[in-house]
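Listed below, chain by chain, are the residues.
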Amino acid sequence: MLVISRQYDAFLDTFNSITMILPYDYHEGHSSHFTLIKGDERIALHIEEKIPLNDAMKYVTTIQSEKIILGKCYEIVDEHDTRTDLQIGAVIRTEEFDQRYYYDGHDLGVTYQDGCTVFKVWSPTATEVRLKLKSPDDEEIQYPFERMENGVWECRVNTDVEGYFYSILPCINLIWDELIDPYAKAVSLNSEWGVVINLDNAHEKNKPLPALTSPTDAVIYELNIRDFSAQQESGMKFRGKYRAFTEKGTTTPNGFSSGIQYLKELGVTHVELLPVNDFDGVTDNPSDTSYNWGYNPLFFNAPEGSYSLKPEDPNERIRELKTVIQCLHDENIRVIQDVVYNHVFIREDSSFEKLVPGYFFRHDENGLPSNGTGVGNDFASERLMARKFIVDSILYWMNEYGVDGFRFDLMGILDVKTMTAIREEVDKVLPGAILIGEGWDLNTPLPPHQKANLRNAHQLQGIGQFNDWFRDTIKGSTFNLYDKGFALGHGHLEQKVELVLTGSVGMSSGERGLFKEPVQSVNYVESHDNHTLWDKMKACLNEDEEILKARHSLATTMVLLSQGIPFLHAGQEFFRTKKGIENSYNSPVEINQLDWIRREKYDNVVQYVKALIQIRKSHGAFRFQKSELIREHVKVSHSQANLIDVLYQNVHPYGPWDEILMVFHSDTKACEYTLPEGNDWICLSDGNRASVSGLYDLNEASITLEPVSSYVFVR
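Attention in this report is confined to the structure presented alongside it. Note that this is a predicted model, so its numbers are computed, not measured.

### As for the overall build of the protein chain
- In terms of helices and strands, the protein chain carries 15 helices and 34 strands.
- Against the compact-globule benchmark of 27 Å for 715 residues, the protein chain has a radius of gyration of 29 Å, which places it among compact chains.
- For the protein chain, buried positions account for 61% of its 715 residues.
- Pairs at least 24 residues apart make up 70% of the contacts formed inside the protein chain by residues separated by at least 6 positions.
- Element-wise, carbon and sulfur atoms account for 46% of the exposed surface of the protein chain, whose accessible area totals about 27700 Å².
- Averaging the coordinates of the 69 positive side-chain charges in the protein chain and doing the same for the 106 negative ones gives two points 2 Å apart.

### A closer look at the sheet that holds strand β5 (residues 56–62)
- Read around the barrel, 7 strands follow the order β1-β2-β5-β4-β3-β6-β7 and close on themselves; strand pairing throughout is mixed. The sheet shows a mean angle of 35° between the axes of neighbouring strands, taken without regard to direction.

### Observations regarding the side chain of lysine 241
- Position of lysine 241 relative to the elements: it lies in the loop between α2 (225–229) and α3 (259–266).
- One buried charge, lysine 241, has no salt-bridge partner; the nearest side chain with opposite charge is glutamate 320, at 7.9 Å.
- A distance of 2.8 Å separates a polar side-chain atom of lysine 241 from the backbone oxygen of serine 306.
- Here lysine 241 is in contact with Ile225, Ser229, Ser306, Tyr307, Ser308 and Leu309, once residues within four sequence places are set aside.

### Remarks on the nonpolar core
- Formed by 183 residues in total, the largest nonpolar core has its most connected members in Trp122 and Phe408.
- No other element matches the 11 residues that helix α6 (residues 384–401) contributes to this core.
- Excluding anything up to four places from it in sequence, phenylalanine 408 contacts Val339, Tyr341, Ile394, Leu414, Met419, Ile422, Leu435, Ile436, Gly437 and Glu438.
- Listed in part, the 18 residues of the second largest apolar core include Ile220, Trp440, Leu514 and Val522.

### What about the packing of aromatic side chains?
- One pass over the structure, following the stated rule, counts 42 aromatic pairs.
- For the pair phenylalanine 300 and phenylalanine 389, a centre-to-centre distance of 5.8 Å together with 80° between the ring planes defines the contact as edge-to-face. Here phenylalanine 300 is found in strand β20 (residues 297–303), whereas its partner phenylalanine 389 is found in helix α6, with 89 residues between them in sequence.
- Taking the relative accessible area as the measure of exposure, phenylalanine 389 reaches 1% and is therefore buried.
- Across from the ring centre of phenylalanine 15, 3.7 Å away, lies the NZ or CZ of arginine 100, which sits over that ring.

### Observations regarding the side chain of arginine 317
- Inspection of the secondary structure assignment puts arginine 317 in helix α4 (residues 314–330).
- Reaching out from arginine 317, the side chain makes a polar contact with the backbone oxygen of proline 303 at a distance of 2.9 Å.

### Digging into the layout of surface pockets
- Volume-wise, the largest pocket comes out at about 950 Å³.
- Lining the largest pocket are 31 residues, with Phe11, Ile88, Asn173, Glu353 and Pro357 positioned closest to its centre.
- Mapped onto the lining of the largest pocket, the elements with two or more residues apiece are β1 (9–14), β2 (17–23), β5, β7 (83–88), β14 (165–172) and α5 (351–355).
- Taken together, the residues of the lining of the largest pocket sort by class into 11 nonpolar, 9 polar and 11 charged.
- Forming the walls of the second largest pocket are 29 residues, and the residues nearest its centre are Asp409, Leu410, Glu438, Asp529 and Asn583.
- The residue makeup of the lining of the second largest pocket, split by class, is 10 nonpolar, 9 polar and 10 charged.

### A look at the pairing of β5
- Across the 7 residues of β5, 5 count as buried, placing the element largely inside the fold.
- Relative to β5, β2 is paired through 7 bridges, and the arrangement is antiparallel. Counterpart to methionine 20 in the pairing with β5 is tyrosine 59.
- The pairing of strand β4 (residues 41–52) with β5 spans 6 bridges and is classified as antiparallel. Note that in β5 the partner of isoleucine 47 across the bridge is threonine 61.
- If you look at the hairpin formed by β4 and β5, you'll find 3 residues sitting between the two strands.

### Overview of the sheet that holds strand β28 (residues 643–648)
- Spatially, β27-β28-β29-β34-β31-β32 is the arrangement adopted by the 6 strands of the open sheet, whose pairing is antiparallel. For this open sheet the edge positions go to β27 (634–637) and β32 (696–698), each flanked by a neighbour on one side alone. Across the sheet, the mean angle from the axis of one strand to that of its neighbour is 25°, orientation sign disregarded.
- For β28 and strand β29 (residues 660–665), the ladder comprises 6 bridges, and the chain directions are antiparallel. Paired with valine 646 across the two strands is methionine 662, which belongs to β29.

### Looking at the state of the cysteines
- Considering all chains together, one arrives at 0 disulfides under this definition.
- With no disulfide of its own, cysteine 155 lies 9.4 Å from the sulfur of cysteine 116, the closest cysteine sulfur.
- Looking at the unpaired cysteine 683, the closest cysteine sulfur is the one in cysteine 671, lying at 15 Å.
- The exposure class assigned to cysteine 683 is buried, which follows from its relative accessible area of 0%.

### Here we look at the environment of serine 637
- Positionally, serine 637 belongs in strand β27.
- Dropping the residues within four chain positions of it, serine 637 is found in contact with Leu643, Ile644 and Asp645.

### Topic: the pattern of salt bridges
- A full pass over the atoms with the stated rule returns 41 salt bridges.
- Among the ionic pairs, glutamate 316 bridges to arginine 319, the shortest N-O distance being 3.2 Å. Here glutamate 316 and its partner arginine 319 are both found in helix α4, 3 residues apart, which amounts to about one turn of the helix.
- What makes arginine 319 partly exposed here is its relative accessible area of 23%.
- Between aspartate 603 and arginine 599 there is a salt bridge; the shortest N-O distance is 2.6 Å.
- On the basis of relative accessibility, which here comes to 17%, the residue aspartate 603 falls in the buried class.

### With respect to empty space enclosed by the protein
- All chains considered together, the criterion is met by 7 cavities of 30 Å³ or more.
- For the largest cavity, the calculated volume is near 100 Å³.
- What lines the largest cavity is a set of 13 residues, and nearest its centre among them are Leu108, Trp122, Pro182, Tyr183 and Phe360.
- The leading source of residues in the lining of the largest cavity is strand β9 (residues 116–122), at 3 residues.
- For the lining of the largest cavity, a count of residues per class yields 10 nonpolar, 1 polar and 2 charged.
- What the second largest cavity holds in volume is close to 60 Å³.
- Lining the second largest cavity are 13 residues, with Ala211, Leu212, His270, Arg334 and Ala433 positioned closest to its centre.
- Tallied by class, residues from the lining of the second largest cavity come to 8 nonpolar, 3 polar and 2 charged.

What counts, and at which threshold
- Residue positions are given per chain, counted from 1 along the sequence in the order it is written.
- Residues qualify for local features only when their pLDDT is at least 70, as the model is predicted, and side-chain atom pairs are given and counted only at 80 or more; totals for whole chains, interfaces and linings, by contrast, use all residues.
- Water and hydrogen atoms play no part in the side-chain values, which are based on all heavy atoms of the structure.
- Every helix listed is a DSSP run of H or I at least four residues long, and every strand listed is a run of E at least two residues long, numbered separately from the N terminus.
- Here the globule rule is a power law, 2.2 Å times the number of residues to the power 0.38, and the radius of gyration is based on C-alpha atoms.
- Summary of the burial criterion: residues with accessible area below 20% of their type's maximum are buried, those above 50% are exposed, and those between are partly exposed, where the area comes from a 1.4 Å probe applied to protein chains only.
- What makes two residues a contact is simply this: any of their non-hydrogen atoms within 4.5 Å.
- Residue burial considers only the protein chains on display, and all accessible areas are found by Shrake-Rupley using a 1.4 Å probe.
- The charged-residue count follows a simple rule in which Lys and Arg add positive charge and Asp and Glu add negative charge, with His and chain termini not counted at all.
- The atom standing in for a charge is NZ when the residue is Lys, CZ when it is Arg, CG when it is Asp and CD when it is Glu.
- Two strands form a pair only when DSSP identifies at least two bridges running between them.
- Axis definition: a line fit to C-alpha positions, over the contact stretch in the case of helices; interaxial angles, taken between N-to-C directions, run 0 to 180 degrees.
- The term salt bridge refers to a side-chain nitrogen of Lys or Arg lying within 4 Å of a carboxyl oxygen of Asp or Glu.
- N or O atoms closer than or at 3.5 Å make up a polar contact, with two conditions inside protein: a donor-capable atom paired with an acceptor-capable one, and, for residues adjacent in sequence, both atoms drawn from side chains.
- Here, the term nonpolar core denotes a set of buried Ala, Val, Leu, Ile, Met, Phe, Trp, Tyr and Cys residues that are joined through side-chain atoms within 4.5 Å.
- Two rings from Phe, Tyr or Trp (for Trp, the six-membered ring) form a pair when their centres are within 6.5 Å of each other. A pair whose planes differ by under 30 degrees is stacked, one over 60 is edge-to-face, and the rest are tilted.
- Here, over-ring charges are defined by two tests on the NZ atom of lysine or the CZ atom of arginine: distance to the ring centre within 6 Å, and angle to the ring normal within 35 degrees.
- Here a cavity denotes a set of grid points, spaced 1 Å apart and computed over the protein atoms alone, in which a 1.4 Å probe fits but from which it cannot get out, and a pocket denotes an open set meeting protein on both sides within 12 Å along at least five of seven lines; residues with an atom within 4 Å of a point are reported as lining.
- Grid points are joined across faces, edges and corners, and a volume is the space filled by probe spheres set on the points.
- Under the scheme applied, nonpolar residues are Ala, Val, Leu, Ile, Met, Phe, Trp, Tyr, Cys and Pro; charged residues are Asp, Glu, Lys and Arg; polar residues are all the others, including Gly.
- When two cysteine sulfur atoms lie within 2.5 Å, the pair is treated as a disulfide.

What follows is the structure, encoded as structure tokens:
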């Protein structure tokens, strides 16, 4: 990048204040006055403050705000008659800038038309913008953009440029840069160019499936495109690729179902796909064996190339990803897209930073980029055009690809207003679509009440959050490998278990729970992050494998039969292991791939989980939408350590049974349990087997609970 040599610097920090920085080796940092040069006009600046710094003198001067119009070039001259250009400083992070340059149009990016393609970018601080086009025969030509309203620049190319590569060249603070439009819908191999496409030639639009009656009707299954089919024993031909989802009737070596047929048989309602937008960490070269989950976002509206059979063909990428979604829809499985709007891969290289330096990312009190994400940048969702980008992107994925819902990575970085706006706009397209996110409290410079995190769940109605209370109570702390939760045998957690089994809403009307309604609680014990449950147990429990399997099944049962939204990590139902690796985001595919041989080995557990899903679906009492229904119908008790029972009464209006009794026992010793008095019970599940039509009738007053077990009784 070109570096401009300046004897001193001048920055526009607000619309009526300009800061000068004079190094001490330049006239000892002294100037008695400064003047703004605006064409032929010279405007005296008033020095308000003079602040000595370590290596320079800082001058804060004021000017009437209407004198500065962004997009124009200005100069400053000091008492020594030395000129410097006026650079754009912290003004871009002011409320006035946000209001003055907000653009509410829906045409940013590239709009392809026969005979005329329109390019639009938002870059209020640029003084000039050019378009670079590269034809299929590698001829390059540049066109000027025209500045329009609210900091938007437009370039109309009156010829058919479908398939052409393009980049944007803005000039800001006298420096030219080059970038791909952040709204790009398609990119070239390895994300080197944006690509002009005619979406009509890239497969027809998908439509989302109708939303379920309630988010609590969902059973979410999280998987990665590559993991799903990478193993040779998966029986899929297009291993690690989008196209694997088009393959029907695939089986493992011993004839067990695999692929999309397996997902259908399991009975999940939603597949949550780890990021499928363009990301770094893996190149598009088919011979590249690198692995990455996809949390290094590059271009948020373009499909990732490494999953494509023809990554060099932008239209084919789009067709393939649309086909993944359509094939899942054909099996009545909805698609939740994992989206990463909280950060970019590298801030300095991002299109956002190059288009409007300093605007799209948060800065701390010292003016340095904040790092609540832990990857070097936090996206400033509270700024109007940053919020607009997120909302526009969400709506694009819904309207073009037919995505049914979204999971927001590190949602606690985003702000409440943005998430509320997303909820409102999504409901206009698909009322009731599932929106869930990671509401961790992260150290980003947002006021606490504005963070879209667990503490502010009551402000985020209609948005589910990953319930770390549930995870840590049932499994044990994610951050302490040796901490054990209830399912791992830790007694004296029964009161916490009572809370999380009932949607974390609080069981009395005066008790403030974590959530206001159960539809906000995403219940889980494992996800792509951190150790799998199996690997955690292998590390912290010195028990034989049969007990470990029983504990694992107990935890999964509690996920599937608790109030809230159940969430399964792909392979959890057959004891997924990553060989003890906690954070496998860039571990080899051999570590991350689904082990379909393990699916064969533990088919009995797969069938058990399948039956539990059927049981959950069969009765609305497992899926209450409102906290008052839980408080009215559910009673939880714990007469001894390592034992919890949950009794549902008078629930016949919601399904075939009037009473449901669930018993969760995590001790390694058998014990006697007295059943509630009344009619005989039917056992639907005993922790190893389950059937929605019943396993056996029970006419005794008590039952022996097996070590580490769970039961579902109905009558």
